[in-house]
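# Overview (structure and organization)
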Amino acid sequence: MTTTQTHTLAVPGVDLVYDVRGPLPPSDGRPALLMIGQPMAAEGFEALAAYFTDRTVVTYDPRGLGRSVRKDGRSDHTPQQQAADLHLLIESLGTGPVEVFASSGGAVTALELVATYPGDVVTLVAHEPPINAVLPDASAAERARAGFHEAYQAKGNGAGMAAFIVMTSWQGEFTDAYFDQPAPDPAMFGMPADDDGTRDDPLLSKNSWAITDYRPDADVLTAAPTRIVIAVGEESAGTYTARTALGTAALLGQEATVFPSHHGGFLGGQFGYAGKPEEFAARLREVLDAG
């Protein structure tokens, strides 16, 4: 059984909490494998990490999420700040460049990490990065994002999450048919309509808009020594994050690599997602080994 050791790294404005499964430096000669998300914290990678007991796996709670308590007085989550945090975390490991599996907003952070600190990452597998700029209907995607935010502001978490689920499960471009729909009932998704009064959810507030507003620099990324693999779930076809994955891959002159399941395919049932973590892990291992 792999022992997990929890550490805290003091960086400007936050105490970053991270977990290390396995020895440092890694005993197998492979780079450490960093698994990151946004707004997902380390706990979201427990099921996936369990299939990599032969590797040293590092997970962390991004600035202001989970156990990583902010001290900078801010609430926004930007790829630039998170990439700077990750650079310091990778540096603190003291084992050289790492391999990275990055999910959702974490994939956006990881692209910025490669762009700004190209020597930090050997291989990046960026799974379904939500980047509006790569879509042909980018302005409509921004309008759809504003829609679930407005629902959240008006009626709270249940209404906001229901609108978010409708947006992220919509097939194809955001057309008039999308915007003409009635507001979804949270009960349709098994969520209460009660409003607890909070408006600081990192997914539903504007705190993470810098992530979906991110504009990757194709020239910088393709010039980096890092091997970048853009991944898309086979069950995600046609949805928002599948389309952004395909768009990002095209921007970098590649085809997206297909993984099992959907946007949360590596999850073991957390957060309401029933993924296929064993199949997902096998595919991730195959992709990493190919490098």
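In case you missed it, the structure is sitting above this.
Described below are features of the structure shown in this document. (Residues numbered from 1 in each chain as written. Predicted model: local features only at pLDDT ≥ 70, side-chain atom pairs only at ≥ 80, totals over all residues. Heavy atoms only, no water.)

## Concerning the nonpolar core
Residues Val100 and Leu124 are the most contacted members of the largest nonpolar core, which totals 43 residues. Per-element accounting of this core gives the leading share, 6 residues, to helix H3 (residues 105-116). With residues up to four places along the chain from it excluded, the contact list for Leu124 reads Val100, Ala102, Ala110, Leu111, Val114, Thr226, Arg227, Ile228 and Val229. Counting residues in hydrophobic clusters, the runner-up holds 20 residues, among them Met35, Leu48, Phe259 and Leu267. (Core = buried A, V, L, I, M, F, W, Y, C linked by side-chain atoms within 4.5 Å. Buried < 20%, exposed > 50% of the residue type's maximum accessible area, 1.4 Å probe, protein only. Helix = DSSP H or I, 4+ residues; strand = E, 2+ residues; numbered from the N terminus. Contact = heavy atoms within 4.5 Å.)

## Some thoughts on the pairing of strand S5 (residues 98-103)
Buried residues dominate S5, accounting for 6 of its 6 residues. Every second residue of S5 is oriented toward a common face, with Val98, Val100 and Ala102 on one face and Glu99, Phe101 and Ser103 on the other, all of them buried. Examined bridge by bridge, strand S3 (residues 33-36) and S5 share 4 bridges and lie parallel to one another. Its bridge partner lying in S5, Leu34 is registered against Val100. Where the polypeptide runs from S5 across H3 and back to strand S6 (residues 121-127), its parallel neighbour, the crossover connection is right-handed. (Pairing = 2+ DSSP bridges. Right-handed = clockwise from strand over helix to strand, strands pointing away.)

## Focus on the layout of surface pockets
Gaps left between atoms are located by rolling a probe of water-molecule size over the structure's atoms. Approximately 440 Å³ is the volume found for the second largest pocket. As for the second largest pocket, its lining consists of 19 residues, of which Gly147, Ala151, Ala163, Ala183 and Pro184 are closest to the centre. Broken down by secondary-structure element, the contributors of at least two residues to the lining of the second largest pocket are helix H4 (138-155), helix H5 (157-169) and helix H6 (176-179). The leading source of residues in the lining of the second largest pocket is H4, at 8 residues. Within the lining of the second largest pocket, the residues separate by chemical class into 14 nonpolar, 2 polar and 3 charged. (1 Å grid on protein atoms, 1.4 Å probe; cavity = no way out; pocket = protein on both sides within 12 Å on 5 of 7 lines; lining within 4 Å. Points joined across faces, edges and corners; volume = space filled by probe spheres on them. Nonpolar A, V, L, I, M, F, W, Y, C, P; charged D, E, K, R; others polar.)

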